[in-house]
Structure formats: structure tokens, C-alpha cells
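As a plain string of letters, each chain reads:
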Amino acid sequence: MKTIKKLTFLFFMALAITACSKDDDNNGDADGGGQGGAGDEYFRASVDGNAFAADTDLATLIGGSLVTNNGMTVLSAQGSTNSGDFINFNILNFNGPGTYVTADDLTNPNGMMYGELQGQTVNGWVSNGIIAISGAIRPGEITVTAQDDNGAEGTFSFEGYNGTDETVKTITNGEFKVVFDN
């Protein structure tokens, strides 16, 4: 079980690093309409009752992608702070606006994660199918309210489980609006 937890954590860390490689100076459409003019992005929530808001400075720490490969579409989004804390999610088999769940079943490929950078270590609290079998958390929910070729927006909430110290973090009132990097 510990091996599965470690592999899950590494999987989400790789996705977090991938989603975080964005430069907001080159995105959006020229007229500022649609989902994505510069400065339109946000990623915020409450983590155990404390405010989390991704930073939006010049080297923006908010990003998203919508990729289709071999008939499967994946929506990914992340927001990070300058101190390295982040929230990200991945929806596999994304098929447009609607509600998607995490950690409800072992076979559910969707996932969310909250992470904190502490020195050289990243502590992560995950909500995914593998964690679902532990029974330690309630399922999470991502509601995509709008999506087009430029970006997506919506809400999210979840409980994340840390397999290292067996703690749970509760993420509520999550809101996001991202411009796609691809």
C-alpha cells in the first residue's frame, strides 16, 4: 500500500510540475474576449479554513491544458503561490462542462492534489482512486462551468490524504479560471 501511495504522489507531482510551466505574457486572444486575456486567470480556495490564492505576477503560476490523444481528452489545471504551495487537478475522459468526481472508486482516473513546499520537501494531500480504497477521505468534486478553445473555469472541493503522515486536509470554496497553455 505504501508503494502505491508513493507512486500516486510522484504521478501527481510530475503533473504539477508540467502544469506549472507557463508564461502568461504569451496567451489569450488579441481582443481579450473569450476565456483568456492576460490577467483573467485565478485559482483560489480555502485549505483547512485558511485562504489559498495562486499568485498572478509576471511569471504567472496559474495554468491549464486541454489535450486529446488517442480519443482521450484530459483537462488539467494548477495554481501555485510564490512560496511553492499548489493545488492541481486532472480530469481524464473530459467531455465538456459538467461535474467530475475524484476518490469515489479505485477505477476513477481523476485526481486532485494540494501541496506545500517545505524546504526541499513537497508534502502532498491527494484525492484519487487509489486513495479511495483507504476510506480515509470523502470523494472530491470538480465542476467545470465554462470551457472553450482558450480556457476553462469552474469550482472544486476535496479532501486530500497524505500517506506519509496519514493526515487529511479539507479544501473548500475552490474557484478557478485558466487559460490553456497548448
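Residues numbered from 1 in each chain as written. Predicted model: local features only at pLDDT ≥ 70, side-chain atom pairs only at ≥ 80, totals over all residues. Heavy atoms only, no water.

(A) Quick peek at the pairing of strand E2 (residues 50-53). Bridge analysis of strand E1 (residues 42-47) against E2 gives four bridges, and the strand direction is antiparallel. Residue Arg44 lies in a different strand from E2, and its bridge partner there is Ala53. Between E1 and the antiparallel strand that follows it, E2, lie two residues; Asp48 among them carries a positive phi value of about 50°. (Pairing = 2+ DSSP bridges. Helix = DSSP H or I, 4+ residues; strand = E, 2+ residues; numbered from the N terminus.)

(B) Expanded view of the pattern of salt bridges. Throughout the structure, instances matching the rule amount to four salt bridges. One salt bridge in this structure joins Lys169 and Asp48, with 3.7 Å as the shortest N-O distance. Within this pair, whereas Lys169 is found in strand E11 (residues 167-179), its partner Asp48 is found in the loop between E1 and E2, the two being separated by 121 residues in sequence. For Lys169, a relative accessible area of 17% corresponds to the buried category. (Salt bridge = Lys/Arg side-chain N within 4 Å of Asp/Glu carboxyl O. Buried < 20%, exposed > 50% of the residue type's maximum accessible area, 1.4 Å probe, protein only.)

(C) Region of interest: the nonpolar core. The biggest cluster of nonpolar side chains holds 25 residues, and the ones touching the most others in it are Phe43, Ile87, Phe89, Val144, Phe156 and Phe176. At the level of elements, E1, strand E4 (72-80), strand E5 (86-92), strand E7 (111-118), strand E9 (140-147), strand E10 (151-162) and E11 are the ones that each hand at least two residues to this core. Ranked by size, the runner-up nonpolar core spans eight residues in total, among them Ala103, Met113, Val126 and Ile137. (Core = buried A, V, L, I, M, F, W, Y, C linked by side-chain atoms within 4.5 Å.)

(D) Expanded view of the side chain of Thr143. Examined against the element boundaries, Thr143 turns out to sit in strand E9. A distance of 3.2 Å separates a polar atom in the side chain of Thr143 from a polar atom in the side chain of Thr99. Sequence-distant contacts of Thr143, that is, excluding residues within four places in its chain, are made with Gly98, Thr99, Glu153, Gly154, Thr155 and Phe176. (Polar contact = N/O pair within 3.5 Å; in protein donor to acceptor, adjacent residues only side chain to side chain. Contact = heavy atoms within 4.5 Å.)

Keep in mind these values describe shape, not function.
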